[in-house]
Amino acid sequence: MSGHTEKGSSGSGWGLRESHSFDRNSIHYIHEAARTGLYRIRGFGAKRRVPNFDDLLMKGASMSRYPLEGYREACETGVTLGTRYAEKPIHLEIPITIAGMSFGSLSANAKEALGRGANEAGTSTTTGDGGMTPEERQHSRLLVCQYLPSRYGVNPDDLRKADAIEIVVGQGAKPGGGGMLLGQKVTGRVAGMRTLPSGVDQRSACRHPDWTGPDDLAIKITELREITGWEKPIYIKCGAARPYYDTALSVKAGADVVVIDGMQGGTAATQDVFIEHVGQPTLVAVKEAVQALIDLDMHRKVQLVVGGGIRTGADVAKAIAMGADAVSIGTAALIALGDQNPELEAEYRAAGSGAGYWEDYQAGTDPAGITTQDPKLAKRLDPVVAGRRLANYLRVMTLEAQTIARACGKSHIRNLEPDDMVALTVEAAAMAGIPLAGTDWIPGQSRIRDM
Amino acid sequence: MSGRGDNPVILDLEGGSLRAVNARLQAENRTDSETYFRLLNPGGAHSLACGLDAPVLVGIEGHAGYFCAGMNQRAHVVVEGNAGQGVAENMMSGRVHVKGNSSQSAGATAHGGLLVIEGNAAARCGVSLKGADIVVKGSVGHMSMFMAQAGRLVVLGDAGDALGDSIYEARIYVRGKVGNLGADCVRKPMRDTHWKELKSLLQAAGCGNAETGGFQRYGSARELYHFKVGNVRAY
């Protein structure tokens, strides 16, 4: 039996049975498609349920492993990114970075708050599709400058000001798709930075304009290094399309750091069908990316940053135990700033959404003043207070990850390993390459080896 | 090469490294140096003379590979041979002059300055252009000026298919045949301001005496600026 059953007001007494296939969401979708003739464009990430880090558990320690004493024995958290070629690798005090989000999708105050929070926690933040603002450079001690297919706002001065450069091939919410920013958010300043007419529904290219494929990319990376004096770590960010090969080819192209983004990652706006149906879960992304690095003998030599649906210190610990060097957070960082706050429920409702539904992202009507370009709304966000909230959240996640690492007997979070975990479901076991709890079974384990 | 005195600085890529050559050129960055460099034996190397930021003159005496003069600021770079993919990509200012032909994506995303190509330019010339000017004395390949946002492209020869696809506010002048126009790109009337603009671009490119009678102007119909049901065929 599937679907919801209600008692009918008339008829035989069998009641009303809702269709699982044609449920209320599907019916509503068809009606809207028929009414408008145009697909749905929205922000945020996938809302469907996919296996995630909640489907893994940490084992902890007992007779065979000794735990570390909480609060007394150190559990280090630092990570250095860019050790392969860059003359100036960047050191993060915690293995949690702030993902690329554009000024345009976010208000200037929100960008400043991200920088402030990251600074306080000792980590980096990242520009986005639209270029670097002076405010975010000023307020971010470590700033990664994205280099996207659109090349909006790209210039050599900003690249030289950055602490690292992230070449964006794709992102988890829409691997294979370019950015979108609806006209409500393309205000004068945003349009000016992107060399676009104000108010257009901005479409970003999905492919880079001057290179195609890993051989070209290797040459592009050399050019960026030549322009910036070989100082900056070069990251390559891919959505989780084919993570094994994407990672291997990124290494081949000369990346210092590979960033893989699972389908739970967010976006400012794109087609709903893209968000929900293209890309793979973060669990898959981590496993395949780590396997590629191991096969190339580059694990820990090229650092791996994983994003897409990271929420808690447990998620951080599990991603690192699977072999990542660090994680990145986007949506969670915005929530920490104050986004989707239930206290603003009435205003989210008035904007046609609801706190926790993220239906305001693309329209730029965020009453929290974060995902908006409306100056009145943007003014509501105090970047100092919001930055402090983000720093608190990053501290909590770090403390949680340390708690788990100590419980597993690790003096550095990086020392967590796959053997510290079990999977709760067959699906998670297969996707993460972690044995199903109570067994030594990893479904499909031979697949990667045979690829 | 002329006009910069008789004492050029000689850089030779035969036996020298790309890093050493670029580092020497970049040593003039953020100055008003007008030093004349002769770059010998380029051998099609990639990323030559990229990241410059001074009004120097660089003569590349042979063929250049990918991304020659990438992100140029203020420098005048002359390629005596052909240039590979992405010549003068993301140029901010200055002048890049290719005496031969160029591969695809010439002048991609360039914000400012002038790119002159004496021969032909392959596909995607001026892709995502953001304000620079490009003058091609031969013909350009397909998808040229794809998603071009601002700036001008002048083509004295022909243009390939899908010219100006999804173009924003950039302007295109073509004297010869156009294979076909891309989505949202239309032919527009040549008004006085456009004849003047064209003339001034041709003069800047050193061909002010070129016959202009056959030129046509192309630009955006601005029909794809907003997502709407009427545009479904273009999505």
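Counting restarts for each chain, with residues numbered from 1 along the sequence as it is written. All chains are assigned letters beginning with A, and all ligands numbers beginning with 1, in the order in which they are written. Residue-level local features of this predicted model are given only where pLDDT is at least 70; pairs of side-chain atoms are given and counted only at 80 or more, and the full residue set underlies all totals for whole chains, interfaces and linings. Calculation of side-chain values draws on the structure's entire complement of heavy atoms; hydrogens and water are dropped beforehand.

**Q** Tell me what's going on with the overall build of chain B, and back it up with residues and numbers.
**A** The secondary structure listing takes helices from DSSP runs of H or I that are at least 4 residues long and strands from runs of E that are at least 2 residues long, numbered from the N terminus. The helix and strand tally for chain B stands at two helices and 11 strands. N-terminal to C-terminal, the α/β element order of chain B is β-α-β-β-β-β-β-β-β-β-β-α-β. Our radius of gyration is a C-alpha quantity, and the globule rule it is checked against amounts to 2.2 Å times the number of residues to the power 0.38. Scaling as 2.2 N^0.38, a compact globule of 235 residues should have a C-alpha radius of gyration of about 18 Å, and chain B matches this with 18 Å. When its C-alpha atoms are laid out on the principal axes, chain B stretches across 60 × 35 × 30 Å. Should any heavy atoms of two residues lie within 4.5 Å, those residues are counted as being in contact. Long-range pairs, those at least 24 residues apart, make up 26% of the contacts in chain B with a sequence separation of at least 6. Per-residue accessibility takes into account occlusion by the displayed protein chains alone, with areas from the Shrake-Rupley method and a 1.4 Å probe. Counting only carbon and sulfur atoms, one obtains 46% of the accessible surface of chain B, whose full area is about 8700 Å².

**Q** Now, about the sheet that holds strand β8 (residues 150-155) of chain B: what can you tell me, with residues and values included?
**A** Residues and elements named next belong to chain B. Across the sheet, which stays open at both edges, the 11 strands sit in the order β1-β2-β3-β4-β5-β6-β7-β8-β9-β11-β10 with mixed pairing between neighbours. Both outer strands of the open sheet, β1 (9-12) and β10 (185-188), are each paired with one neighbouring strand and no more. The mean inter-strand angle of the sheet, taken between neighbouring strand axes irrespective of direction, is 15 degrees. Here a strand pair is declared whenever DSSP counts at least two bridges between the two strands. As paired elements, β1 and strand β2 (residues 36-40) share four bridges and run parallel to each other. Residue pairing for β2: V9 is matched across the bridge by F37. A fitted line through C-alpha atoms serves as each axis, taken over the contacting stretch for helices, and the angle formed by two N-to-C directions is quoted from 0 to 180°.

**Q** For the environment of E69 of chain A, give the residues involved together with the corresponding values.
**A** Residues and elements named next belong to chain A. Within the element layout of this structure, E69 appears in the loop between β4 (56-58) and β5 (79-81). A simple rule labels every residue: compare its accessible area, found with a 1.4 Å probe on the protein chains alone, to the largest value its type can have, and call it buried under 20%, exposed over 50%, or partly exposed in between. Judged by its relative accessible area of 46%, E69 is partly exposed. C-alpha of E69 to C-alpha of A218: the two residues are 149 residues apart in sequence and 46 Å apart in space.

**Q** An account of the interface of chain A and chain B is needed here, citing residue identities and associated values.
**A** Each side of the interface is counted separately: chain A has 43 residues, and chain B has 41 residues. Carbon and sulfur atoms supply 58% of the area buried between chain A and chain B, which totals about 3400 Å² over both sides. The working definition used for a salt bridge is a side-chain nitrogen of Lys or Arg within 4 Å of a carboxyl oxygen of Asp or Glu. Taken together, the links from chain A to chain B amount to three salt bridges. Whenever a nitrogen or oxygen atom comes within 3.5 Å of another N or O atom, the pair is scored as a polar contact, on the condition that within protein one atom can donate a hydrogen and the other can accept it, and that pairs from neighbouring residues in sequence are kept only if both atoms are in side chains. Along the contact surface separating chain A from chain B lie 16 residue pairs in polar contact (both at pLDDT 80 or more). Among the elements that make up the side of chain A that touches chain B, the one with the highest residue count is helix α6 (residues 213-227) of chain A (eight residues). Across the side of chain A that touches chain B, the residue classes tally to 20 nonpolar, 11 polar and 12 charged. Summed over both partners, the accessible area lost on bringing two parts together, with a 1.4 Å probe, is the buried area. As a working rule, the residues Ala, Val, Leu, Ile, Met, Phe, Trp, Tyr, Cys and Pro are called nonpolar, Asp, Glu, Lys and Arg charged, and the rest polar, with Gly in that last group.

**Q** Can you tell me about the packing of helix α2 (residues 108-121) of chain A against helix α14 (residues 383-407) of chain A, naming the residues and giving the values?
**A** Residue and element names in this part refer to chain A. Where α2 meets α14, the axes come as close as 7 Å, and the angle between the chain directions of the two elements is 45 degrees. Comparing their axes, α14 and α2 come out oblique. Between α2 and α14 lies a crossing whose hand is right-handed. Across the interface between the two elements, N109, E112, A113, L114, R116, G117, A118, E120 and A121 from α2 touch P383, V384, A386, G387, R388, L390, A391, L394 and R395 from α14. When an angle is under 35 degrees it counts as roughly parallel; over 145 it counts as roughly antiparallel; between 65 and 115 it counts as roughly perpendicular; any other value is oblique. Here is the rule for handedness: rotate from the far helix to the near one, and if that takes an anticlockwise turn smaller than a right angle the crossing is left-handed, while a clockwise turn gives right-handed.

**Q** Which residues make up the side chain of K318 of chain A, and what values do they have?
**A** Residues and elements named next belong to chain A. Mapped onto the elements, K318 comes out in helix α10 (residues 313-321). Among buried Asp, Glu, Lys and Arg side chains, K318 stands out as unpaired, with D54 the closest opposite charge at 4.8 Å. Of note is the side chain of K318, whose polar atom sits 2.8 Å from the backbone oxygen of L56. When sequence neighbours within four positions are dropped, the list of residues in contact with K318 reads F53, D54, L56, L57, M58 and M421. We treat Lys and Arg as the positive residues and Asp and Glu as the negative residues; His and chain ends play no part in the count.

**Q** Go over a nonpolar patch on the surface, please, and point to the residues and values.
**A** There is a patch of nonpolar side chains on the surface, built from F22, I27, Y29 and I30 of chain A and spanning about 430 Å² of accessible area. Relative to the helices and strands, I30 of chain A resides in helix α1 (residues 24-36). Put simply, a patch holds well-exposed residues, over 30% relative accessible area, that have no salt bridge, with like charges counted together within 9 Å and Val, Leu, Ile, Met, Phe, Trp or Tyr side chains within 5 Å.

**Q** Explain the pattern of salt bridges to me, using residue names and the numbers behind them.
**A** Between side chains of opposite charge, a pair can form as their charged atoms come close. Residue and element names in this part refer to chain A. Throughout the structure, instances matching the rule amount to 49 salt bridges over all chains. A salt bridge links D419 to K59, with the shortest nitrogen-to-oxygen separation between them at 3.5 Å. Separated by 360 residues along the polypeptide, D419 in the loop between α14 and β18 (421-423) and K59 in the loop between β4 and β5 bring together distant segments of the chain. Using a relative accessible area of 40% as the deciding quantity, one classes D419 as partly exposed. K237 is the partner of D261 in a salt bridge, and the nearest nitrogen-oxygen pair spans 3.9 Å. A residue pair is termed long-range when its members are at least 10 positions apart, and D261 in strand β14 (residues 257-261) and K237 in strand β13 (residues 234-239) qualify at 24 residues. Assigned by exposure class, D261 and K237 land together as buried. Through salt bridges that share partners, K59, R65, K410, E417, D419 and D420 make up one connected network.

The values are spatial; any link to function lies outside them.
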